[in-house]
Amino acid sequence: MREIGARELIVTSIKEFKFKSTKEIEPLSEPIGQPRAVRALSLGLKSKTRGFNIFVAGAPGTGRTSIVKLFVEEAAKNKEPPCDWCYVYNFKEKDAPVAIDLPRGKAKEFARDIERFVRACMRDIPKEFLSEVYRKHFNQIVEHYAERREQVLRKVQRLAKNKGFTIVKGPAGWMAVPIRDGKPLDTDQFRKLPKDEQERIRELGEYIREELEYAMDKIRINDLEEKEAVENLDRALIRNYVRGFIKILKNKYKNYKKIVEFLEGCEEDITHFAEKFK
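Just so it is clear, the structure is predicted and the values come from calculations on it, not from any experiment.

Undergrad: Quick question: what am I supposed to make of the pairing of strand β4 (residues 173–180) here?
TA: Remark: a regular strand shows side chains that alternate across the two faces of the sheet. With six bridges joining them, strand β3 (residues 165–170) and β4 adopt antiparallel strand pairing. Residue pairing across strands places Ile167 opposite Ala176, the latter belonging to β4. In this antiparallel pair of consecutive strands, β3 and β4, the connection spans two residues. Relative to strand β5 (residues 183–184), β4 is paired through two bridges, and the arrangement is antiparallel. Looking across to β5, one finds that Arg180 is bridged to Lys183. With antiparallel pairing between neighbouring strands as the criterion, β4 and β5 make up a hairpin whose turn holds two residues, including Asp181 at a positive phi of roughly 55°.

Given below as structure tokens:
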């Protein structure tokens, strides 16, 4: 294509036109002056071989997009509508979404079902965590492990008391402190004691500190077990809630293996996000 000058224009009398308005003229079916482009597009769109593409190049304003759209729309009129494609999260390999092909219109339906499922979870699961049934089981767990914690502390406190010490909680945690006349022995009082008494207190203090450290280890294990018990309770609550929804969706999409696998992944994965619902 090239720009033409004014002298190259052909002037025609409007009396020769057989229409009153350009609205009466049928639009052109092909672009003007690009026969090679037309042939290339026609050939490419007729090809059924996989792995080939059509590369369209040209200066801005030459109608590349409109021409391609025109030909593609025309070619699509004689073909079966394509299937839907949707991408879902891959629970096994998070950086590789799973592509699922579905019959035309089914992907939107599936997306709406998942959106309804998510909205229901966000609306109802927080209410489940506030229910009397959940609070009852939660309190039972907390009370059980609190009693175990107290038993460990009472045991080490009795040991310390029998040895003339008391267990106190300071900025650095629990520690054993010698007592005299029912009161903690301060540094000045300790220094005034006979050397053999100081040594005896040091030896007893070391022994009690070892027992205290052992008790703290047991308490730390107890706390981890308590946390795990609460997490198991939370996961059970969420799993019991979502199981019904997932079962309905799995039955609806039972003929689509990848969707069923995705739903199973959702059922397991959502149980690990209890804090999001509290």
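Moving on from the model shown.
Undergrad: Help me out: how do you make sense of the sheet that holds β3 in this one?
TA: Strand-to-strand pairing in sheets goes through backbone hydrogen bonds, with the strands running parallel or antiparallel. Taken in spatial order, the three strands line up as β3-β4-β5 in an open sheet, and their pairing is antiparallel. Edge positions in the sheet fall to β3 and β5, since each of these pairs with one other strand and no more. Across the sheet, helix α4 (residues 132–162) lies against β3 and β4, angled at about 130° from β3, the strand it touches most. Against the sheet, helix α6 (residues 195–252) engages β3 and β4, with an angle of about 150° to β4.

Undergrad: Would you mind going over the pattern of salt bridges with me for this structure?
TA: Oppositely charged side chains are able to pair whenever their charged atoms sit close together. Scanning the entire structure with this criterion turns up 20 salt bridges. When salt bridges with common partners are traced through the structure, they connect Lys106, Glu109, Asp113, Arg116 and Lys252 into a single cluster.

Undergrad: It is not clear to me how the nonpolar core should be interpreted in this structure. Could you clarify?
TA: The tendency in soluble globular proteins is for nonpolar side chains to be buried side by side. Phe110, Cys121, Ile125, Phe129, Ile238 and Val242 are the most contacted members of the largest nonpolar core, which totals 33 residues. The set of elements that each furnish at least two residues to this core consists of β1 (84–88), β2 (98–102), α3 (106–129), α4, α6 and α7 (257–269). The dominant element in this core, judged by the number of residues it contributes, is α6, at nine residues. Not counting residues within four places of it along the chain, the set of residues in contact with Phe110 comprises Cys86, Val88, Leu102, Tyr253, Ile259 and Phe262.

Undergrad: Please clarify how the packing of α3 against α6 should be interpreted in this entry.
TA: Each pair of packed helices can be described by the angle between their axes along with the distance between the axes. Contact geometry of α3 with α6 gives a least axis separation of 11 Å together with a crossing angle of 155°. When the axes of α3 and α6 are compared, the pair comes out roughly antiparallel. For the pair α3 and α6, the sense of crossing is right-handed. Facing α3, whose interface residues are Glu109, Asp113, Ile114, Phe117, Ala120, Cys121, Asp124, Ile125, Glu128 and Phe129, α6 presents Asp234, Leu237, Ile238, Tyr241, Val242, Phe245, Ile246, Leu249 and Lys252.

Undergrad: Before we go on, may I ask you to explain the environment of Val168 in this structure?
TA: In this fold, Val168 is placed in strand β3. With relative accessibility at 29%, the residue Val168 sits in the partly exposed group. Spatially, the C-alpha atom of Val168 lies 12 Å from that of Lys183, the residues being 15 residues apart in sequence. What Val168 contacts, discounting residues up to four positions off in sequence, is Gly173, Trp174, Met175 and Val177.

Undergrad: What should I look at first to understand the packing of aromatic side chains in this one?
TA: Scanning the entire structure with this criterion turns up nine aromatic pairs. Here the aromatic rings of Tyr253 and Tyr256 are separated by 6.4 Å at their centres, their planes lie at 55°, and the arrangement is tilted. The exposure class of Tyr253 is buried, given its relative accessible area of 0%. Tyr256 sits in the partly exposed class, given a relative accessible area of 22%. An aromatic cluster is present here, built from Tyr89, Phe91, Phe110, Tyr253, Tyr256 and Phe262 joined pairwise through their rings.

Undergrad: Help me out: how do you make sense of the packing of helix α1 (residues 35–46) against helix α2 (residues 64–76) in this one?
TA: Orientation of α1 relative to α2, taken along the N-to-C sense of each, is 35°, at an axis distance of 11 Å. Taken as a pair, α1 and α2 cross one another with a handedness that is right-handed. Here Val38, Leu41, Ser42 and Leu45 of α1 come into contact with α2, specifically with Ile67, Val68, Phe71, Val72 and Ala75.

So, how was this worked out
- Residues numbered from 1 in each chain as written.
- Predicted model: local features only at pLDDT ≥ 70, side-chain atom pairs only at ≥ 80, totals over all residues.
- Heavy atoms only, no water.
- Pairing = 2+ DSSP bridges.
- Helix = DSSP H or I, 4+ residues; strand = E, 2+ residues; numbered from the N terminus.
- Contact = heavy atoms within 4.5 Å.
- Axes fitted to C-alpha atoms, helices over the stretch in contact; angles between N-to-C directions.
- Salt bridge = Lys/Arg side-chain N within 4 Å of Asp/Glu carboxyl O.
- Core = buried A, V, L, I, M, F, W, Y, C linked by side-chain atoms within 4.5 Å.
- Buried < 20%, exposed > 50% of the residue type's maximum accessible area, 1.4 Å probe, protein only.
- Parallel < 35°, antiparallel > 145°, perpendicular 65-115°, else oblique.
- Left-handed = near helix turned anticlockwise from the far one by under 90°.
- Phe/Tyr/Trp six-rings, centres within 6.5 Å; stacked < 30°, edge-to-face > 60°.

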